[in-house]
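The lines below spell out each chain.
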Amino acid sequence: IVISGGPMLAGTEPGKPDGRKIDLITLFECVGAVRSGKMTEAELAAYEDAACPTCGSCSGMFTANSMNCLSEAIGLALPGNGTIPAVMSARLRLAKEAGMQIVDLFNKQLTPSKILTDQAFENALRVDMALGCSTNTVLHLTALANEANFKMDLNLINAISRETPHLCSMSPGGRHHLEDLNRAGGIPAVIKVLCDGGLIHADALTVTGASVGENIRQV
């Protein structure tokens with residue numbers, strides 16, 4: 001059950017060596033610039049040091065952050081787990097809360113098989129499309145569905161994509177980063193917007209022991 005702040009953490013705010021926010025994609029571009037003689041290796045090193053200045057994953061909506069966000073959307077992680085930056089005290093508090101919650105889940109015998117329903121997978125796909133997550137989420141969600149004995153037809157992804165608004169302009173497709181999404185309310189805020197539009201199964205169960213709808217009541 002993905003409920004604590006494990007190794008897959010949202011990164012801290014990237015540096016701004018030239019006045020703009022940078023991330024992994026910027027580094028890819030810088031490598032090309034060095035090879036074409038448009039940038040020195042010293043300049044590349046400055047960008048490299050600023051792109052992910054502390055612990056945690058890179059700050060864009062790449063595979064790690066995508067699946068961390070979706071672990072929350074599917075109900076297997078506590079609210080906030082998808083976006084709280086690795087270095088924040090809130091991440092340490094969440095990890096402690098997660099450990100306490102695991103004990104409670106064990107006592108109640110609330111297992112992943114009771115959470116990973118067809119409604120949970122549809123909720124995860126809704127959030128996936130709203131965020132513009134990495135296409136690798138298809139690989140990971142279908143693998144998780146296989147473990148949960150849920151047959152996730154790939155056509156379902158297309159159907160949900162057509163119905164779901166793209167709410168967040170996240171790097172690498174847009175200009176915002178994980179810390180921006182966290183400040184805007186994180187995954188609970190995204191779920192709340194989708195739920196208000198009738199696009200979320202609000203009665204789906206989560207590791208909080210409550211439903212999605214109950215989790216976002218105060219968002």
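Residues numbered from 1 in each chain as written. Predicted model: local features only at pLDDT ≥ 70, side-chain atom pairs only at ≥ 80, totals over all residues. Heavy atoms only, no water.

### Concerning the overall build of the protein
Inclusion rule: A run of H or I in DSSP becomes a helix once it reaches four residues, and a run of E becomes a strand once it reaches two; helices and strands are each numbered from the N terminus. Each radius of gyration reported is based on C-alpha atoms, and the globular scaling rule is 2.2 Å times the count of residues to the power 0.38.
Within the protein one finds 11 helices and zero strands. Going from the N terminus to the C terminus, the protein shows its helices and strands as α-α-α-α-α-α-α-α-α-α-α. A compact globule built from 219 residues should have a C-alpha radius of gyration of about 17 Å, and the protein, at 18 Å, falls within 12% of that. Along the longest, intermediate and shortest principal axes, the C-alpha atoms of the protein span 60 × 40 × 30 Å.

### Some remarks on empty space enclosed by the protein
To be explicit about the condition: Points on a 1 Å grid over protein atoms alone make up a cavity when a 1.4 Å probe fits among them but cannot get out, and a pocket when they form an open set with protein on both sides within 12 Å along at least five of seven lines; lining residues each have an atom within 4 Å of a point. Grid points are joined across faces, edges and corners, and a volume is the space filled by probe spheres set on the points. Residue classes follow a fixed rule: Ala, Val, Leu, Ile, Met, Phe, Trp, Tyr, Cys and Pro count as nonpolar, while Asp, Glu, Lys and Arg count as charged, and any other residue, Gly among them, counts as polar.
Under the definition given, this model contains one cavity of 30 Å³ or more. In this model, the largest cavity occupies a volume close to 110 Å³. Lining of the largest cavity is provided by 13 residues; of these, Glu-72, Pro-79, Ile-191, Thr-206 and Asn-215 occupy positions nearest its centre. Partitioning the lining of the largest cavity into residue classes produces eight nonpolar, four polar and one charged.

### Some points on the packing of aromatic side chains
Cut-off, in case you're wondering: In this analysis, rings of Phe, Tyr and Trp, with Trp reduced to its six-membered ring, are considered paired at centre separations within 6.5 Å, and the interplanar angle assigns stacked below 30 degrees, edge-to-face beyond 60, and tilted for intermediate values.
The final tally for this structure, using the stated rule, is one aromatic pair. Geometrically, the ring pair formed by Phe-121 and Phe-150 is stacked, given 4.9 Å between the ring centres and 15° between the ring planes. Taken together, the residues Phe-121 in helix α6 (residues 118-131) and Phe-150 in the loop between α7 (137-147) and α8 (154-163) connect sequence positions 29 residues apart.

### Quick look at the pattern of salt bridges
A side chain with one charge can pair with a side chain of the opposite charge if their charged atoms come near. Rule in force here: Salt bridges are identified by distance alone: a Lys or Arg side-chain nitrogen within 4 Å of an Asp or Glu carboxyl oxygen.
Per the stated rule, a full pass over the model turns up four salt bridges. The salt bridge involving Asp-104 is made with Lys-108; its shortest N-O contact spans 3.2 Å. Linking Asp-104 with Lys-108, this pair stays in helix α4 (residues 89-108), spanning four residues, or about one helical turn.

### With respect to helix α10 (residues 186-196)
What counts, and what does not: Exposed residues in this analysis have more than 50% of their type's maximum accessible area, buried residues have under 20%, and partly exposed residues fall in between, with area computed by a 1.4 Å probe over protein chains only. In this description, contact between two residues means that some pair of their heavy atoms is separated by no more than 4.5 Å.
Taken as a whole, α10 has its buried residues at Gly-186, Ile-187, Pro-188, Ala-189, Val-190, Ile-191 and Leu-194. Those residues of α10 that are buried lie in contact with α3 (63-73), α6, α9 (178-183) and α11 (212-215).

### Some remarks on α4
Note the threshold: Each helix should span, by expectation, one fewer than its residue count multiplied by 1.5 Å. The arc in question is the one traced by the directions running from the helix axis out to the C-beta atoms.
Between its first and last C-alpha atoms α4 spans 29 Å; for 20 residues at 1.5 Å apiece the expected length is 28 Å, and the two agree. Among the residues making up α4, those that are buried are Arg-91, Leu-94, Ala-98, Gln-101 and Leu-105. The arc that holds every buried residue of α4, seen down its axis, measures 75°, which confines them to one face. Among the exposed residues of α4, those oriented more than 90 degrees off its buried face are Leu-92, Arg-93, Lys-96, Met-100, Phe-106 and Asn-107. As for α4, its buried residues are in contact with α3. Backbone geometry just after α4 places Gln-109 at a positive phi near 55°.

### Side note on the environment of Thr-206
Rule in force here: In the analysis that follows, any N or O atom pair within 3.5 Å is treated as a polar contact, provided that within protein one partner can donate a hydrogen and the other can accept it, and provided that, for residues neighboring in sequence, both atoms belong to side chains.
Secondary-structure assignment places Thr-206 in the loop between α10 and α11. Spatially, the C-alpha atoms of Thr-206 and Cys-133 are 21 Å apart, while their sequence positions differ by 73 residues. A distance of 2.8 Å separates a polar atom in the side chain of Thr-206 from a polar atom in the side chain of Thr-208. A polar atom in the side chain of Thr-206 sits 2.9 Å from the side chain of Asn-215.

### Quick word on the packing of helix α1 (residues 24-35) against helix α2 (residues 41-51)
Basically, it comes down to this: Fitted lines through C-alpha atoms serve as axes, helices being fitted only where they are in contact, and the angles separating the N-to-C directions of these axes extend from 0 to 180 degrees. By the definition adopted for this analysis, an angle is roughly parallel if under 35 degrees, roughly antiparallel if over 145, roughly perpendicular if from 65 to 115, and oblique otherwise.
In the contact formed by α1 and α2, the axes pass within 10 Å of each other and the chain directions differ by 175°. What the angle tells us is that α1 and α2 run roughly antiparallel. Side by side, α1 and α2 meet where Thr-26, Leu-27, Cys-30, Val-31 and Val-34 of the first sit next to Glu-41, Leu-44, Tyr-47, Glu-48 and Ala-51 of the second. Of the residues contributing to the contact of α1 with α2, the split by class is seven nonpolar, one polar and two charged.

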